[in-house]
Structure formats: structure tokens, C-alpha cells
Amino acid sequence: MESVSMAGTAVALHAVATCAQTNGRVGDLVDVTTLAVALISVAGTLGGTLGGAVLSQRANREQNERADRERGQERQEQTQEAKRDLYAHLNSTARAYRIAARDAVHAAERGETIDPVLLDSAKDAWADQYSQAQMALPKDVLHVASTLNGTLQVGYSVVRQLPSSPNRDAAYPRAKAWFSGPMSDAVYLLRVTLRHDLGVEVDPEFEHTRMRMLAALNSARRDIERQIAAERVQAAESR
């Protein structure tokens, strides 16, 4: 702002001097001092106006940048909150599904009638959450969720096949072992994976643990799928 005023002042004085030299008669001019003061005043006003405009633009720019940062931070917080909600529902529906299937196994072993509504409701709740999660989960987390989904599906088949199993003495212990072993491990792995993705837990060795548990779960699932398929063939042949 000062440079603008000084430049305006210099221009004004130069104009006065030039005018005086051209006419050669200083006395015939309007009072030079008065004119110079007027011109300097105009230059100062102009400089102040331009300087104020520059400061105003800078203030507006800084305000807009600050508003953009705040909006970006707010969007990030909303995204993180939505992720936490999704993860919480995914974890809770997986646990509820496992518990409903496990309870159905125990009820069938006691000779009680299995209520399919409870198990199917838990199954549908998980399926709904899983379908939503497939569109939002990172690749590593989705891999774990997909493995758990396959584990839960096998567990559902185990429960539904219990009443028609040709060897119930072996079927019930196998079903209970499935839900207390691989099924429980799969739900646990999902929970820990979700917590790591949220930054709640940090374990440098977790990636190794995750891959080891996934391999074990896939192997256990394939094994019990073969057993279930063999039982179905045996049941069909005995009819």
C-alpha cells in the first residue's frame, strides 16, 4: 500500500514540474503547493483503496481455504463414523448368526424342535449386512468377511442337515466342534480385522496371523463340506 502511495505521489509531482517547465511562467500557474497537495491526496486515497482491496482479497482467500479445510475434515469424520457403524453391525450380525446356529445344534441334540425362524432371521440379517459391506470394505477386510460368509453358510447347512443325518452320534459332536472351533475363529478374525482397519488395534504381526487363520479356515470348510456331501449321498442311498 505504501509503494502505491509513493508511486502516486511521484507521478503527481512530475506532472506539476512538467507543467511548470512547459509554460515557463510559474507565477501564472495555480499555486503549485496547493496543486501538489491535492494530487498527493488523490494518490494517497487511490493507494489506500487499492491496498485495502488487496488485503480484503487475501482475507477472503484465507477464509475460503479455512472453510474448505473444515468441510474436508467434516467429510472425513462422517466417512469414518459411517465405517464404524458398518463394522459394528457386521460384527454383531455375524456373532448373532453364530450363536443362533450353535443354540440350534444344542436344542436338536436335546431332542427339541429347532425353530427355523430364529436361525433364518439371523441368517438374513447377516446376509443384508454382508451385501452392504461388499460395496465398502477394503480388499483385505473383504477377504476376511468373504471367508466368514462361507464359514457361516456351511454352519447353516450343518444345522439343517442334523435331523436327517444317517449318523447322528457323529453329526452332533462334529456340529458342536464346528461352531466352537472354526466358526468361532472366523468371527474372531473378522472382529480383529475390523479393529485393525479402524486403527483401534495395531499389531505388526497381524498380517501373518490373518493369512494363517484364513488358510486354516478354508481348509476346515472344505473338509466339513466333503463330510456333509458324503452324508447326503449316504442318506439318499439308504432310502
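About the thresholds
Residues numbered from 1 in each chain as written. Predicted model: local features only at pLDDT ≥ 70, side-chain atom pairs only at ≥ 80, totals over all residues. Heavy atoms only, no water. Salt bridge = Lys/Arg side-chain N within 4 Å of Asp/Glu carboxyl O. Buried < 20%, exposed > 50% of the residue type's maximum accessible area, 1.4 Å probe, protein only. Helix = DSSP H or I, 4+ residues; strand = E, 2+ residues; numbered from the N terminus.

A few words on the pattern of salt bridges. Throughout the structure, instances matching the rule amount to twelve salt bridges. One salt bridge in this structure joins aspartate 103 and arginine 102, with 3.2 Å as the shortest N-O distance. The class for aspartate 103 is partly exposed, based on a relative accessible area of 38%. Taking the relative accessible area as the measure of exposure, arginine 102 reaches 29% and is therefore partly exposed. Arginine 221 is the partner of glutamate 225 in a salt bridge, and the nearest nitrogen-oxygen pair spans 3.7 Å. With glutamate 225 and arginine 221 both in helix α7 (residues 206-237), this residue pair falls four residues apart, about one helical turn. On the basis of relative accessible area, glutamate 225 is assigned to the partly exposed category, the value being 36%. Within the structure, one salt-bridge network assembled from shared partners comprises Asp140, Glu207 and Arg210.

None of the figures reported here should be taken as evidence of function without further support.
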